[in-house]
Amino acid sequence: MEKLTSMICAKCGRQPNDMLILICNHNLCLICAGKSMSSETYKNKEIHKIICEICSSNTELDPNSVIELLKLYEEEFNILKYKHEIQYQKDESYSISDFCKVHPDEILGYYCFDCETECICAECVIHGKHKGHDVMQIKKAYPIIKDKIEEILIHVTGKIDEIDLKNEKLENQKNEIISQGNSAKQQVLVSFEDLKARIDKKEREIISQIERTVQDSLKDVENYMRIISGKIEVLEELGQGIKKILNTSSYCEVLDFYVENNKKIFESVENEVRMIGNIDRNVNIRCAINPQSLIEHVESVKTVQLQISALKATDDSPGRKNSEKIARIGLKKS
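Predicted model only: the values in this text are computed from it and were never measured.

Inspection of the secondary structure assignment puts H130 in the loop between α3 (122-126) and β6 (135-137). Filtering out sequence-adjacent residues up to four positions away, H130 remains in contact with C112, C115, T117, I120, C124, V125 and V135.

This is the structure:
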């Protein structure tokens, strides 16, 4: 191949920079030569010569030249093909308003499946970084990408349904927690009402027991007081008798009285005093009210512990009996 700027292609009439010189001087531009070789190669892939379409003379070529001519023609063919498709899109009133960012003068008309970037122009496909990639016209790529987008939509919709299901479960758990909380509060109210009733009952029992003890003890005290009064009367009569003897004028009567009643009087007095001492002890025992018993009752109430199960674990139905509710929180019926 030789560069001849003044020569004209014998086939297309153009005056290109590069020409293929034939032995018959019917020189061809490289595009027309590649086209001619493409036609011959289609018939016989082993041929390495070009046949002049004007005089049918043969010009032998080396294999590398054949390869270069076919490659150049293929590139030119692709350019013409893409331009034809763009023109076809325009003829079909296919609206493409955007222009290529890399080649601002070129209309966007293709999509690259390898790169999956924004739409590209013919220059990007032929000479740009998308050369040799899996490229398709926008109009043809549209239904394929649309199907993929619909698949994405189905995936997103499925995820939304999953999230909605989880949200619904959380809503149910929320309502269950509220219900269990209300049930637990109702259990507390019922349990404390029962506890208050039992405390009031216990209070009445203790007060009644105290009143009975006081009445019984008062009766005992009054009985012992009557006994003591009787003893005092006996001793006072004894004292009056002794005073009467002491006031007598007879020495013999006084001495005889002493001899006869000395021991009897002391024994009688000691017996009476001893009985009075026992009465005092009995009264203390019978009338004493043990405050420790009351403290124990109070402490037993203080130690009642309210043990409500965690709301999450509560599963009692509202129809259960109050006794079952009391048992759940650690209370015992008296």
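Let's shift gears to the nonpolar core. Membership of the largest hydrophobic core comes to 19 residues, with the highest contact counts inside it found for L20, L22, L28, I50, L61 and L69. Elements with a contribution of two residues or more to this core: β1 (19-20), β2 (28-29), α1 (30-43) and α2 (63-91).

Once that is clear, we can look at the side chain of T59. Looking at the secondary structure, you find T59 in strand β4 (residues 58-60). With relative accessibility at 6%, the residue T59 sits in the buried group. A distance of 3.3 Å separates a polar atom in the side chain of T59 from the backbone nitrogen of I23. Apart from the residues lying within four places of it in its own chain, the contact partners of T59 are I21, L22, I23, K49 and I50.

Moving on, we get to the packing of aromatic side chains. Enumeration according to the criterion identifies 1 aromatic pair in this entry. Each ring, one from Y111 and one from F113, has its centre 5.1 Å from the other, and the planes form 85 degrees; the classification is edge-to-face. What makes F113 buried here is its relative accessible area of 14%.

Turning our attention to the state of the cysteines. Enumeration according to the criterion identifies 0 disulfides in this entry. Note on C124: no disulfide assigned, nearest cysteine sulfur contributed by C100 at a separation of 3.5 Å. The exposure class of C124 is buried, given its relative accessible area of 5%.

On to unusual backbone geometry. If you check the backbone angles, N25 has positive phi at about 65 degrees while not being a glycine. With a phi close to 50 degrees, E116 is a non-glycine residue in the positive phi region.

Throughout the structure, instances matching the rule amount to 4 salt bridges. The salt bridge involving K101 is made with E118; its shortest N-O contact spans 3.1 Å. Here the residue K101 occupies a position in the loop between α2 and β5 (110-112), and E118 occupies one in the loop between β5 and α3, the gap between them amounting to 17 residues. Exposure class is identical for K101 and E118. Each is exposed. Two residues, R198 and D194, come together in a salt bridge whose shortest N-O distance is 3.1 Å. Highlighted residues: R198 and D194, both in helix α4 (residues 138-246), separated by 4 residues, approximately one helical turn. Judged by its relative accessible area of 17%, R198 is buried.

Looking now at the confidence of the model for the protein. In the predicted model, the protein carries a mean pLDDT of 75, and the fraction of residues at 70 or more is 71%. Element-level pLDDT for the protein is lowest in helix α7 (residues 322-328), with a mean of 40, against a maximum mean of 93 in β5. Considering only residues more than four positions removed or in separate chains, one finds that residues 304-315, a stretch of pLDDT under 50, has 21 contacts.

A few words on the environment of C55. Structurally, C55 can be placed in the loop between β3 (49-51) and β4. Classification of C55 as partly exposed rests on a relative accessible area of 36%. Sequence separation of C55 and C24 is 31 residues, and the distance between their C-alpha atoms is 7.7 Å. Excluding anything up to four places from it in sequence, C55 contacts C24 and H26.

A surface patch of nonpolar side chains, amounting to about 260 Å² of accessible area, comprises I152, V156 and I160. Along the polypeptide, V156 turns up in helix α4. Of the residues examined, V156 reaches a relative accessible area of 39% and is grouped as partly exposed.

Rules used throughout
Residues numbered from 1 in each chain as written. Predicted model: local features only at pLDDT ≥ 70, side-chain atom pairs only at ≥ 80, totals over all residues. Heavy atoms only, no water. Helix = DSSP H or I, 4+ residues; strand = E, 2+ residues; numbered from the N terminus. Contact = heavy atoms within 4.5 Å. Core = buried A, V, L, I, M, F, W, Y, C linked by side-chain atoms within 4.5 Å. Buried < 20%, exposed > 50% of the residue type's maximum accessible area, 1.4 Å probe, protein only. Polar contact = N/O pair within 3.5 Å; in protein donor to acceptor, adjacent residues only side chain to side chain. Phe/Tyr/Trp six-rings, centres within 6.5 Å; stacked < 30°, edge-to-face > 60°. Disulfide = S-S within 2.5 Å. Salt bridge = Lys/Arg side-chain N within 4 Å of Asp/Glu carboxyl O. pLDDT = per-residue confidence, 0-100. Patch = residues over 30% accessible without salt bridge, like charges linked within 9 Å, V, L, I, M, F, W, Y side chains within 5 Å. Areas by Shrake-Rupley, 256 points an atom, 1.4 Å probe, with all protein chains shown as cover.

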